[in-house]
Amino acid sequence: MKKLLAVLTMLLALTFSVTVFAAPTCVMLKFTNDTRYKNIDSAAVLSDLVLEKLLASGKFNLMETRPIDEDIEALLYDEKQRDILNAEASIKSGNLNLLFESGTFDAKHAQSVATAEVGQIVSPSIVSPIGRNHGAEYLIQGTIINLGNGKADSRNTVLGIDPNQAGTKTSAIGVVADVRIIKASTGEVIWRKMATGTKKNSMFQYGMLKLGSSKLTAEMYNTSMARCAQEIVDGLLEDLEAGKLFAK
């Protein structure tokens, strides 16, 4: 009996260690919005949806149940400004070596979070404190890069209906987001995915007869956001289960 308990204890310990290895500590940052519609708080809506779905999955070891309001993009801008100010004398003299040979201008360092590719470095001096303050090894960050609507008209060519009098009007709301995982201690981008979400509405019209609606609605906006969030989460979970995330 004692041997059986010892074996069970060992198995539980191994299972626990594998679980910890497979799901390192993470926090999600509030998404940023790089579109012209910054007055619509879509960044908060999308990051809330993604975090909610990740928490429901139980697959990620999330240290916070709300997105962290840390704008890495703004912090990077401030850092770049400091670099330029520090190199002011060099610029005035016409010798730009001091400026462009600094670490932050190296090709391996991302110029912005929104353009950071896998393998590039997002300033460790910025991301490390965020991870440390929240007890997280990795930061999940996203940027909305496109948000808009589209409209199309098509003529109906069904037999017996005059194509000049009948047609279908279609409207859509779509969102495109770029999401990445950053290793807090080094600033390295280890994962990146682009995701989209779209909702369309159509109206068929023949003379005075109208079926459906092509109006843009809040329901369309909410659906496109939810679909984009689901695509992000599906990509994260798929690569997590395939062992493509958090390689040591």
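In this report, the structure presented in the accompanying data block is examined. (Residues numbered from 1 in each chain as written. Predicted model: local features only at pLDDT ≥ 70, side-chain atom pairs only at ≥ 80, totals over all residues. Heavy atoms only, no water.)

A tally of helices and strands in the protein chain yields seven helices and seven strands. Starting at the N terminus and walking to the C terminus, you meet the elements of the protein chain as α-β-β-α-β-α-α-α-α-β-β-β-β-α. Out of the 248 residues in the protein chain, the part that is buried amounts to 39%. The contacts of the protein chain with a sequence gap of at least 6 include a subset with a gap of at least 24, amounting to 70%. For the protein chain, the exposed surface amounts to about 14200 Å²; the carbon and sulfur share of it is 57%. (Helix = DSSP H or I, 4+ residues; strand = E, 2+ residues; numbered from the N terminus. Buried < 20%, exposed > 50% of the residue type's maximum accessible area, 1.4 Å probe, protein only. Contact = heavy atoms within 4.5 Å. Areas by Shrake-Rupley, 256 points an atom, 1.4 Å probe, with all protein chains shown as cover.)

With 16 residues, helix α2 (residues 42-57) should cover 22 Å at 1.5 Å per step; its first-to-last C-alpha distance of 23 Å lies within 8% of that length. Among the residues of α2, S42, A43, A44, L46, S47, V50, L51 and L54 are the ones counted as buried. One or two residues past the end of α2 sits G58, with phi positive at roughly 70°. (Expected span 1.5 Å × (residues − 1).)

Here we take up empty space enclosed by the protein. Going through the model one piece at a time under the given rule, you end up with two cavities of 30 Å³ or more. In this model, the second largest cavity occupies a volume close to 40 Å³. Lining the second largest cavity, in full, are L29, K30, T32, E70, I72, E73, V113 and Q141. Here the residues of the lining of the second largest cavity are counted per class, giving three nonpolar, two polar and three charged. (1 Å grid on protein atoms, 1.4 Å probe; cavity = no way out; pocket = protein on both sides within 12 Å on 5 of 7 lines; lining within 4 Å. Points joined across faces, edges and corners; volume = space filled by probe spheres on them. Nonpolar A, V, L, I, M, F, W, Y, C, P; charged D, E, K, R; others polar.)

The tally for this structure, following the rule as stated, stands at five salt bridges. A salt bridge links K30 to D41; its shortest N-O distance comes to 3.8 Å. Note that K30 is positioned in the loop between β1 (25-28) and β2 (32-33) and D41 in the loop between β2 and α2, a separation of 11 residues in sequence. On the basis of relative accessibility, which here comes to 25%, the residue K30 falls in the partly exposed class. Among the ionic pairs, D48 bridges to R66, the shortest N-O distance being 3.8 Å. On the criterion of sequence distance, the pair formed by D48 in helix α2 and R66 in the loop between β3 (61-62) and α3 (72-86) is long-range, its members being 18 residues apart. (Salt bridge = Lys/Arg side-chain N within 4 Å of Asp/Glu carboxyl O.)

Quick look at helix α7 (residues 218-241) now. A rise of 1.5 Å per residue sets the reference length of α7, with its 24 residues, at 34 Å; its end C-alpha atoms lie 34 Å apart and thus fit the reference within 8%. At the C-terminal side of α7, G243 shows a positive phi close to 75°.

What follows concerns the packing of α2 against α7. Between α2 and α7, whose axes approach to 9 Å, the crossing angle comes to 45°. The orientation of α2 with respect to α7, classified from their angle, is oblique. Considering the relative orientation of α2 and α7, their crossing is right-handed. Contact residues: S42, V45, L46, L49, V50, K53, L54 and S57 in α2; Y221, M225, A226, C228, A229, Q230, I232, V233, L236 and L237 in α7. (Axes fitted to C-alpha atoms, helices over the stretch in contact; angles between N-to-C directions. Parallel < 35°, antiparallel > 145°, perpendicular 65-115°, else oblique. Left-handed = near helix turned anticlockwise from the far one by under 90°.)

Here the focus is the pairing of β1. Of the two faces of β1, the one carrying T25 and V27 and the one carrying C26 and M28 are both buried. Strand direction decides the pairing type here: β1 and β3, joined by two bridges, are parallel. When the bridges of β3 are listed, T25 appears paired with N61. (Pairing = 2+ DSSP bridges.)

Okay, the side chain of T32 next. Within the secondary structure layout, T32 lies in strand β2. T32 gets classed as buried once you look at its relative accessible area, which sits at 13%. Within polar-contact distance, the side chain of T32 engages the side chain of T143 at 3.2 Å. In this structure T32 touches A43, D71, Q141, G142, T143 and I144, once residues within four positions along its chain are discounted. (Polar contact = N/O pair within 3.5 Å; in protein donor to acceptor, adjacent residues only side chain to side chain.)

This part takes up the nonpolar core. In this structure, L46, V50, L54, F60, I140 and I232 are the most contacted members of the largest nonpolar core, which totals 33 residues. Those elements that place two or more of their residues in this core are β1, α2, β4 (138-155), β5 (166-183), β6 (189-206) and α7. Sequence-distant contacts of V50, defined by excluding residues within four places in its chain, comprise M28, F31, A229, I232 and V233. With 16 residues, the next largest nonpolar core counts I72, I126, A136 and I182 among its residues. (Core = buried A, V, L, I, M, F, W, Y, C linked by side-chain atoms within 4.5 Å.)

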